[in-house]
Amino acid sequence: MDVYRTRSVEPQILQDLREKFVFISGPRQVGKTELAKRILSLQPGKYYNWDLIEDREAILKKQFVHDSLAVLDEVHKYERWKTFVKGIFDKYHEELKIIVTGSARLDIYRRGGDSLFGRYHLHYLHPFSVGELSGTEILPPKIIFEPLERGVLYDSLFEFGGFPEPLFKNSKEAHRRWSITRRERLIEEDVRSLTSIKLLGLLEHLMLLLPTKVGAPLSMNSLSRDLEVGFNTVKGWIENFERLFIAFRVSPFTQKITRSLKKEKKLYLWDWSQVESESARFENMVASHLWKAVTCWRSQGYGDFELRYLRDRDRREVDFCVIKDRRPWLLVEAKASDEQPSEPLYYFSNKLATPAVQVLHKKNVFRRNGPVTTISADVWLPQLP
């Protein structure tokens, strides 16, 4: 990247470093290293990359404890990284600040050792969103049902996704090359080093299948038949994809809904640009923005936020239901161009007494129909962090 673009989590990370170690977790090539080096430019310190032999030796010899700030990149690949970091914190935390970055779920992917509870603040770095590019801060959540200023780079985000390199190169050829290289590196490096999976060819086949499964309840039985592997095998692969920030899943919300259907979780990709269908890609893009918003709001302490979807036995379905403190807070339906408000959206909005919005990929749409607001995504998404 030629010009660094400030990430919305940066101010909170700088504040959290005064108290504890900071973990920055997120997908490969989402900008974690750029963010960490940006923070190093603001205060003295040094960067260490576990993948470089000389840096790995320096980490294991604890040479970094003499720095005022140390960035330990990809150190979670060390089998005993958690115990290692815990010991460093307990002995040096009063004079040493540490940022740990990793392309796996640092709060889940722990191989042995004692708990790090109380010793770190965790931040997720998501792909760029419309709001982040537009300068939206992470503030207490307040849903605005009015058009905001058009989101910066909305069309480019839709086509190329929110990962910095393909987004700012803004080239189909560059995006295609980046996508192929990233997939190969995810399989050959991240999966190989962080899991015990051996059937890497089949795993790549699964990665290529997933874009066609976006937005629908994911059937493990169907995937196991497609790949000719056992149910538990494919289930484990999907769980590893979640840990490695390749995909995330949204569960159905069942409380307070009579005749609710306890279906499988719906799957979405962190990189929505891999989805070919325009309507499915748009739904994935909206899902990613909402997923980022609830994650940010939750980590900032603004409430116990979750992202779910709604469906009952009468086949009424709403794409997304934002939950706050175990209660429905906002209903969202994603449509490519259909301006007619969804009947299930009306139904569930009235039944749950919850505001609802139908977000369109189509431009220049804004109208209210009772409890449902229909609005174009490029002027609604900027309000989300």
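Each remark here, short or long, concerns the structure printed above.
Fair warning: this is a prediction, and the values are worked out from it, not measured in the lab.

J.: What exactly am I supposed to notice about the overall build of the protein chain here?
T.: Helix and strand counts for the protein chain come out as 14 helices and 13 strands. Whereas a compact globule of 385 residues would reach a radius of gyration of roughly 21 Å, the protein chain reaches 21 Å, a difference of no more than 12%. Here the C-alpha coordinates of the protein chain stretch approximately 65 × 50 × 45 Å along the principal axes. A separation threshold of at least 6 residues defines the contact pool for the protein chain, and within that pool the share at least 24 residues apart is 66%. Computing the positive centroid from 61 side-chain charges and the negative centroid from 52, the protein chain places the two 4 Å apart.

J.: What exactly am I supposed to notice about the pattern of salt bridges here?
T.: When the charged atoms of two side chains lie near each other, side chains of opposite charge can form a pair. Per the stated rule, a full pass over the model turns up 27 salt bridges. Salt-bridge contacts for Glu-74 lead to Lys-77; the nearest nitrogen and oxygen are separated by 3.6 Å. Summarising the burial analysis for this pair, Glu-74 and Lys-77 share the class buried. Residues participating in the shared-partner salt-bridge network are Lys-266, Glu-283, Arg-311, Glu-317 and Asp-319.

J.: Explain the nonpolar core to me, please; I cannot follow it from the model alone.
T.: Across soluble globular proteins, nonpolar side chains have a tendency to be buried as a group. Membership of the largest hydrophobic core comes to 67 residues, with the highest contact counts inside it found for Leu-206, Leu-290, Phe-320, Val-332 and Trp-380. Tallying contributions element by element places helix H12 (residues 278-299) first for this core, with 9 residues. Not counting chain neighbours up to four residues away, the residues in contact with Phe-320 comprise Tyr-268, Glu-283, Val-286, Ala-287, Leu-290, Leu-307, Arg-308, Tyr-309, Leu-330, Leu-331, Val-332 and Ala-334. In this structure, Phe-84, Val-85, Ile-98 and Tyr-120 belong to the second largest nonpolar core, which totals 23 residues.

J.: Just to check I follow, could you spell out helix H9 (residues 200-209) for this structure?
T.: Turn by turn, an α-helix covers 3.6 residues, leaving residues three or four places apart pointing in a common direction. Turning to H9, its buried residues are Leu-200, Leu-203, Leu-206, Met-207 and Leu-209. Around the axis of H9, the buried residues are gathered within 170° of arc, so they sit on the same side.

J.: Whenever I open this one, the pairing of strand S7 (residues 266-269) confuses me. Can you help?
T.: Look at any regular strand and the pattern is simple: side chains alternate between the two faces of the sheet. Burial along S7 is two-sided: Lys-266 and Tyr-268 facing one way and Leu-267 and Leu-269 facing the other are all buried. In this sheet, S7 lies alongside strand S6 (residues 247-252) in antiparallel orientation, the contact comprising 4 bridges. Bridging across to S7, Arg-249 finds its partner in Leu-267.

Reading the values: rules and limits
Residues numbered from 1 in each chain as written. Predicted model: local features only at pLDDT ≥ 70, side-chain atom pairs only at ≥ 80, totals over all residues. Heavy atoms only, no water. Helix = DSSP H or I, 4+ residues; strand = E, 2+ residues; numbered from the N terminus. Rg over C-alpha atoms; globule rule 2.2 N^0.38 Å. Contact = heavy atoms within 4.5 Å. Lys, Arg positive; Asp, Glu negative; His and termini not counted. Charge placed at Lys NZ, Arg CZ, Asp CG, Glu CD. Salt bridge = Lys/Arg side-chain N within 4 Å of Asp/Glu carboxyl O. Buried < 20%, exposed > 50% of the residue type's maximum accessible area, 1.4 Å probe, protein only. Core = buried A, V, L, I, M, F, W, Y, C linked by side-chain atoms within 4.5 Å. Arc of directions from axis to C-beta. Pairing = 2+ DSSP bridges.

Shape descriptors only; they carry no functional weight alone.
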